[in-house]
Amino acid sequence: MKQIDICYKYDGSFYGMLCCVFESFEKKEMPIGIFDRGGSLFLVKNIKTDDIKAERVLKGVQDKMGIIGVEYVRLAYLASIKDKEIAIIHFIKEGLNKGKKFIEEIRTGFGPIKKMVAGSINNIFLAKIQKGIDLLLLEKQRFIQFVRFSEVYNRALVSIIEPEHQVLPLLADHFVQRFPNEQFLIYDKTHCLGLIYTNKEVRIERIEDYQMPDLSNEEKEYQELWKMFYDTIAIKERKNEKLRMGFMPKKYWENLTEMQ
Amino acid sequence: MDMFEKLKILADSAKYDVACTSSGVNRDNPSDGIGNAKACGICHSFSADGRCISLLKILMTNACMYNCSYCYNRFSNDIPRATFTPKELAELTINFYRRNYIEGLFLSSGVIKSPNYTTELMIAALKILREDYKFYGYIHAKAIPGTDNDLIQALGHLCDRMSVNIELPSSESLIALAPDKSKNSILAPMGFIKDTLTENKHALVKYKKTPQFVPAGQSTQMIIGASPETDYSIIKLSEGLYNKYKLKRVFYSAYIPVVRGSALLPSIETKPPLLRENRLYQADWLMRVYGFESSEILDEKSPMLNPFIDPKCNWAVNHPEFFPVDINTADYQILLRVPGIGILSARKIVAARKWGKLDFMHLKKLGVVLKRAQYFILCSGKRAEGIKINESKVISSLLSKKALENYYGFKNGVQIGMFD
Ligand code: SF4
């Protein structure tokens, strides 16, 4: 692959990103950057999203790396990783060469144990992807804990979160299985996306600037009850701020009912 | 009395129970109700003391007719009293659950009218949850000593975990401090739960439809520092409970003085022995997960855990004949005994050495704390380079400077504000 001083621009979607991968492989070129919003100092090549090309990339990944390879690409796409798209091109390139063993290697860090000691997992981009995915999955766990719903619009549940990574697709199963008979919206303010579950169907939609509606008195009352429970349950003789912050980092407090 | 007042009183009275885990059982929602249960357990928040909040931890009532002297809810204590109706409690639980505040309910109670009456109230609340709301989330319920077996059984079919709190780690202390209870009244329901659990497991194998009985097992709690038992007798008791009653967990709760001017209890100014509690958890962990026996951790001659060194390191320091162990050949169980090697790093070692011989550099990458471990291990027959082994060096590598002074003080019997 030759390095070229050109940027790719795409629509930000998963398939759009896969089309950037397709372009890079087909032209045997490595762009200097890939982005979806804003402008660039470099010459820009617009990459159109084409489902057929995207699916060809996915099929190639699955044939060589198995279903887990596809899962990795998907998770990497959801994670906030610097130069994510470039990293994913490197990841897929390595994976196509090495096949199934490759995922096991980067996942456990055991395979290339000699290289691991020598410096880094030979390719800095692979390490970035692994780290990004780890952080994404950690953040998913955090929001399973820390999503707080308010009841609005006559029994619908709404929560606003500000995740670093695109966690919504990973949260869907958990909340749908838990609340099959509710209607809910989890709004990701960082990425302007909403996870919507109504009439037993779930979807993710782009929503610009969603605001929490006014709360009913009943809702306010439950929030007060919860806050009071939260304050009461702490044993003051055991106060331990450091411990609390370790488990529940401050960045989540803004959207936690009990911390208001 | 409004809901706000009630919740405040009944949460305040419940907070001294330390168990708040929601783990141990997986239950799906067949789509006709609310909630499910995850075996890993989920903490939804952390209180100012850093403890996990997973369950709505609450009492049915704090209007207790008993008078256990260590207890905040004893009837002679002048505090406001409240009682939930089963419906109120169920509604509150569901509304907290829907908002993703909690994983479920931890229902305990003071004894009102009689143990049976109290248990009936609890059963009524859980029935509303399970049957009317079709709640599939986690429920932990307290079995009240003195309750009839058939009621305990009914309760057990509605909840995931049950616990009978021992509270005081010896019958002498029970007689002195909990005159309405006895060793027997506590152990009887524990034994009944264990037997019913065993029967239930057999029945489940035969008939899939058998209703489950406390699928997440039973646990108990002991108060530490209210009575004079040694750590040795406490962990021996725990070991017995794990073996005999198949308990899932024993919880230890540092005593927080709630009584002024009692001749039998620590004075009101006493700080809760948090460090001692922590060491007991470590010792408990060694027994449950690392395969230690209580007699390996302590004995009659040195019956207290050294507060200045964790019990695993302490064992290692006192058993030089066991070491060094070779990282490339030692069994998993043996690796676990090395200070600086935890469960995760031991597993990683076993997996990684299949790929080739490990050396000290590799170990670091696998998460082994070499600063501690290096004195106890070999890599392919070789010690870490330039290492000299003598007791004081080893010990000082395991401890901070301050802890070091205190460590020797403790060993020599000087008790410098030991459990402050
Ligand atoms: S029976 Fe329970 S609630 Fe009542 S005084 Fe004794 S420990 Fe406290």
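The rules behind the values
Residues numbered from 1 in each chain as written. Chains lettered and ligands numbered in written order. Predicted model: local features only at pLDDT ≥ 70, side-chain atom pairs only at ≥ 80, totals over all residues. Heavy atoms only, no water. Disulfide = S-S within 2.5 Å. Buried < 20%, exposed > 50% of the residue type's maximum accessible area, 1.4 Å probe, protein only. Phe/Tyr/Trp six-rings, centres within 6.5 Å; stacked < 30°, edge-to-face > 60°. Helix = DSSP H or I, 4+ residues; strand = E, 2+ residues; numbered from the N terminus. Expected span 1.5 Å × (residues − 1). Contact = heavy atoms within 4.5 Å. Near = heavy atom within 4 Å. Nonpolar A, V, L, I, M, F, W, Y, C, P; charged D, E, K, R; others polar. pLDDT = per-residue confidence, 0-100. Pairing = 2+ DSSP bridges. Axes fitted to C-alpha atoms, helices over the stretch in contact; angles between N-to-C directions. Parallel < 35°, antiparallel > 145°, perpendicular 65-115°, else oblique. Left-handed = near helix turned anticlockwise from the far one by under 90°. Buried area = accessible area lost by both parts, 1.4 Å probe.

With that settled, the discussion passes to the state of the cysteines. One pass over the structure, following the stated rule, counts one disulfide over all chains. One disulfide bridge connects Cys-43 of chain B with Cys-52 of chain B, the sulfur atoms lying 2.2 Å from each other. Taking the sign of the torsion about the S-S bond as the criterion, the disulfide between Cys-43 of chain B and Cys-52 of chain B, at about -105°, is left-handed. Note on Cys-43 of chain B: relative accessible area 22%, which makes it partly exposed. The exposure class assigned to Cys-52 of chain B is partly exposed, which follows from its relative accessible area of 25%. There is no disulfide at Cys-19 of chain A, and the cysteine sulfur nearest it, in Cys-20 of chain A, is 7.2 Å away. Looking at Cys-19 of chain A, the relative accessible area reads 2%, which means it is buried. Of the cysteine sulfurs around Cys-313 of chain B, a residue in no disulfide, the closest is that of Cys-379 of chain B, at 18 Å. Judged by relative accessible area, Cys-313 of chain B falls into the buried class, the value being 2%.

Two measures describe an aromatic ring pair: the distance that separates the ring centres and the angle between the ring planes. Enumeration according to the criterion identifies 28 aromatic pairs over all chains in this entry. Aromatic pair Tyr-16 of chain B and Tyr-72 of chain B: ring centres 6.0 Å apart, planes at 55°, arrangement tilted. Here Tyr-16 of chain B, found in the loop between helix H1 (3-12) and strand S1 (45-46), pairs with Tyr-72 of chain B, found in the loop between strand S3 (55-59) and helix H2 (86-98); they are 56 residues apart in sequence, far enough to count as distant. An aromatic cluster of at least three residues, connected via ring pairs, comprises Phe-149, Phe-175, Phe-179, Phe-184 and Tyr-197 of chain A together with Tyr-97 and Phe-135 of chain B.

Residues and elements named next belong to chain B. With 18 residues, helix H3 (residues 115-132) should reach 26 Å at 1.5 Å per residue; the first-to-last C-alpha distance of 25 Å fits that figure. Within H3, the full set of buried residues consists of Pro-115, Thr-118, Thr-119, Leu-121, Met-122, Ile-123, Ala-125, Leu-126, Ile-128, Leu-129 and Arg-130. Those residues of H3 that are buried lie in contact with H2, strand S4 (104-108), strand S5 (138-142) and helix H4 (149-158). In the segment just after H3, Lys-134 is the residue with positive phi, at about 50°.

Every residue near the ligand is listed here: Cys-64, Tyr-66, Cys-68, Tyr-70, Cys-71, Arg-74, Gly-110 and Lys-181 of chain B. Along the lines of polarity and charge, the residues of the shell around the ligand split into five nonpolar, one polar and two charged.

It is worth spelling out the confidence of the model for chain A at this point. Residues with a pLDDT of 70 or more make up 93% of chain A, whose mean pLDDT is 88. The low-confidence segment residues 110-122 of chain A, where pLDDT is below 50, has 24 contacts with residues more than four positions distant or belonging to other chains.

Here the focus is helix H1 (residues 14-27) of chain A. All names here are of chain A. Taking 1.5 Å of rise per residue, 14 residues should cover 20 Å, and H1 covers 20 Å from first to last C-alpha, within 8% of that figure. With 10 of 14 residues buried, H1 lies mostly within the body of the structure. For H1, the full list of buried residues reads Phe-14, Gly-16, Met-17, Leu-18, Cys-19, Cys-20, Val-21, Phe-22, Glu-23 and Ser-24. Lys-28 sits one or two residues past H1 and shows a positive phi near 50°.

The subject of this paragraph is the sheet that holds strand S10 (residues 201-206) of chain A. Residues and elements named next belong to chain A. As summarised here, the arrangement of the five strands in space is S6-S7-S8-S9-S10, forming an open sheet in which the pairing is mixed. Two strands bound the open sheet, and with one partner strand each, they are strand S6 (150-152) and S10. Strand after strand, the sheet turns through a mean of 25° between neighbouring axes, direction not considered. Sheet analysis places S6 next to strand S7 (residues 156-161), joined by three bridges and oriented antiparallel. Bridge assignment links Glu-151 to a residue of S7, and that residue is Leu-157. Along the sheet face, helix H8 (residues 168-178) touches S7, strand S8 (184-188), strand S9 (193-198) and S10 and points at about 20° away from the line of S9.

This part is about the packing of helix H3 (residues 67-78) of chain A against helix H4 (residues 84-98) of chain A. For any two helices packed against each other, one specifies the inter-axial angle together with the distance between the axes. Residues and elements named next belong to chain A. Closest axis-to-axis distance for the H3/H4 pair is 10 Å, and the angle between their directions is 165°. Taken as axis vectors, H3 and H4 run roughly antiparallel relative to one another. The element H3 and its partner H4 pack so that their crossing is right-handed. Contact residues: Gly-69, Tyr-72, Val-73, Ala-76 and Tyr-77 in H3; Lys-84, Ile-88, Phe-91 and Ile-92 in H4. Looking at side-chain class alone, the contact of H3 with H4 contains seven nonpolar, one polar and one charged residues.

Another point: the interface of chain A and chain B. Facing 50 residues of chain A, the contacting portion of chain B comprises 54 residues. Interface of chain A and chain B: buried area, both sides summed, is about 4,900 Å²; carbon and sulfur atoms make up 62% of it. Mapped by element, the contributors of at least two residues to the side of chain A that touches chain B are helix H6 (113-118), helix H7 (124-146), H8, helix H9 (217-233) and helix H10 (241-247) of chain A. For the side of chain A that touches chain B, the element with the highest residue contribution is H9 of chain A, accounting for 11 residues. Of the residues assigned to the side of chain A that touches chain B, the class counts are 25 nonpolar, 10 polar and 15 charged.

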